[in-house]
Structure formats: C-alpha cells, structure tokens
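# Remarks on the overall topology
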Amino acid sequence: MDIHSSLRCSIRIGEIIIHLQCPTEDYAKDLRRYFNAKDESGQGIEIELEITAGEENIGIPESLFTEKSVSGNHFTITGHSASGFFDAATGKGKINVHYALTSSLRTRLFEQLMYQAFYSAVKRTAGHNLLIHSCGVIRDDRGYLFVGKSESGKTTIAGLSKTYSVLNDEITMIDLDGKIPVLHSTPFNGYFTSKVEGKAPLSSLFILRQSHKHAVTEIRKSTAVKTIFHEIVPITGLEDEITGETHERMLDDASEIAEKTPVYILEFRKDAGFWAEIDTMTKKNGVI
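Conventions used here
- Residues numbered from 1 in each chain as written.
- Predicted model: local features only at pLDDT ≥ 70, side-chain atom pairs only at ≥ 80, totals over all residues.
- Heavy atoms only, no water.
- Salt bridge = Lys/Arg side-chain N within 4 Å of Asp/Glu carboxyl O.
- Helix = DSSP H or I, 4+ residues; strand = E, 2+ residues; numbered from the N terminus.
- Buried < 20%, exposed > 50% of the residue type's maximum accessible area, 1.4 Å probe, protein only.
- Phe/Tyr/Trp six-rings, centres within 6.5 Å; stacked < 30°, edge-to-face > 60°.
- Lys NZ or Arg CZ within 6 Å of the ring centre and 35° of its normal.

Below, the discussion takes up the pattern of salt bridges. Per the counting criterion, the structure on display carries 12 salt bridges. Of the charged contacts, one joins D240 and K123 as a salt bridge, the two residues approaching to 2.7 Å between their closest N and O atoms. Of this pair, D240 sits in the loop between helix 4 (221-231) and helix 5 (244-260) while K123 sits in helix 2 (residues 107-125), and the two are 117 residues apart along the sequence. Between E259 and K221 there is a salt bridge, with the nearest N and O atoms lying 2.4 Å from each other. Taken together, the residues E259 in helix 5 and K221 in helix 4 connect sequence positions 38 residues apart. What makes E259 exposed here is its relative accessible area of 56%. Take K221: its relative accessible area is 41%, and that puts it in the partly exposed class. Each of K123, E239 and D240 takes part in one network of salt bridges that share partners.

Turning next to the packing of aromatic side chains. Scanning the model with the defined rule gives 14 aromatic pairs in all. Measuring from centroid to centroid gives 5.3 Å for Y34 and Y191, while their planes differ by 80 degrees, and the two rings are edge-to-face. Of the two residues, Y34 is situated in helix 1 (residues 25-35) and Y191 in the loop between strand 13 (182-184) and strand 14 (199-210); the sequence distance between them amounts to 157 residues. A relative accessible area of 39% places Y191 in the partly exposed class. Here F146 and W275 contribute two aromatic rings whose centre-to-centre distance is 5.8 Å and whose plane-to-plane angle is 85 degrees, an arrangement assigned as edge-to-face. Of this pair, F146 sits in strand 10 (residues 142-147) while W275 sits in helix 6 (residues 274-284), and the two are 129 residues apart along the sequence. W275 gets classed as buried once you look at its relative accessible area, which sits at 3%. The rings of Y144, F146, Y164, F206, Y264, F268, F274 and W275 are connected pair by pair, giving a single aromatic cluster. Here the basic side chain of K68 rests over the ring of F75, its NZ or CZ set 5.3 Å away from the ring centre.

Right under this line is the structure:
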C-alpha cells in the first residue's frame, strides 16, 4: 500500500506505528491534529481508511470490542458502524467506518479501533505491550500509574500533576518485556491537550479513591490484580474476538504487573498534597 503523504496519518505508540491512509486530505489533517501525529517513516502496519456517510442513527454500540463478529481476517461491528479486515501476515488491512465515529466526541469510539490496530501490530512484533485505562505521570524520571473506574479521578490527578510530565489522563501503555515494566505515553484522547510524550520505569501503581483526606495504604495482591485486570484494554486485534483466552492473557498480565510493581490505594482530595503521601510510602518501602 503506497500511502501518499498528504493522505497519511501515522500514529505512534512506543515502537508501534499505525499508518492510516485517509480518503481525503481533510480527514488526514483532522486525525493528525486529534492524535498530534507526526510524519513517521518507520515500518508499521498499514490501514486503508474508508468513510461511509449515511443516516446518523446507526445504533453505534458502547464497545467496539464486544459488539463485534469475526470471520477469518474480516470483522463487522454491530450496527455496521465499522467493518474491515486485517492480514496479520502482511501487516495490511482496511477499515470501513461510519463518518459518525470520526466526528465530535464519537472520535473516542474510533480510538477503540486504533486500540485493536495497536494489538494487531504488537502480535506481529511478538512484543509484550498492553494498553490500560489510567493516568500516567513521570516525576523525577520515575513512572507513576493511577487507575480506577470512570469518574474515579484520573483527569483530576492529571490536572493536579501539571508541574510534572503527564503522559495521559485516560490511556497509557505498559511494556512488560523487561524485568521492570516501562510506562509509555500514548496519543489517545485528543481532547486532553496537556499530555506530553515520554516513557519511564514504572515505580508504583495507585488505585484511586476520592476522599476528604490524603492517604496511601497497601493492598492485597489479589485485590490489586482484580482491579488492574478490569482496567486493561482488551487484548484484541482487529482480526480477533474476545474469548476466554483473551481474559486469561489479561489476567496473566495483571498478575505480572502486580508482581513487578508496588500497588497501593490512594485516597485523595482535590489538591496536590497526595504527592507527599506517595513520597512517604514509597520511601518507607524502599521504592526510590
């Protein structure tokens, strides 16, 4: 697939690159702006993007992972909001997506297709990388990860940590290939404009609890694994469905993260004083 530069949007996540061939220059510009994409010339998977216009009411599902059927290399999202294929052997594919998924706040749904493209690319590299719903911050060359359900305070933590390097307030990437997990920024959530690019060894992971006080407490590993499991973006490529094996892989990865990284509960109120509590706990446990 020869992608003309004016029609290209190249999305980088760590060492993974997703090259999108857009149908028009305007779509390419919009996606490059949203993902803050740069001109990436490296090898990566190549996806032809086709936009379908039509009725607005097409029954777009809440999750493009679970509302999906697969036949061979081809997939269809319920409601026909998206369909396409990906050939793992060549690293090339095509996505036909309803225009509603690439406009306004629904671009967050289009991102779910890019999560799947990311996992398709990871399988080709045989890497051990995953995406996780989280706020990631680099402070003093160490990575800190904050996880929790929707409205638990990830964006609040990001806003209170602007004096450091905020990688994202919604989606970050963890590289589990080495002895120590490495936290990476991602270009996802284009509406959060304060994020920066970067990576750092993952020092600690915190499960968020909004409170009237600041406190950091230790947590049982079983509870940590369960929480992390639910925040991992399903490890599902464009050509895959979610299966029992998918969940086993996610559980294994959650266990590995909890084994390699100290996990705590962070109670916090809406000021940056929680960082002092984090320092106290990490120094106490020798996590420097």
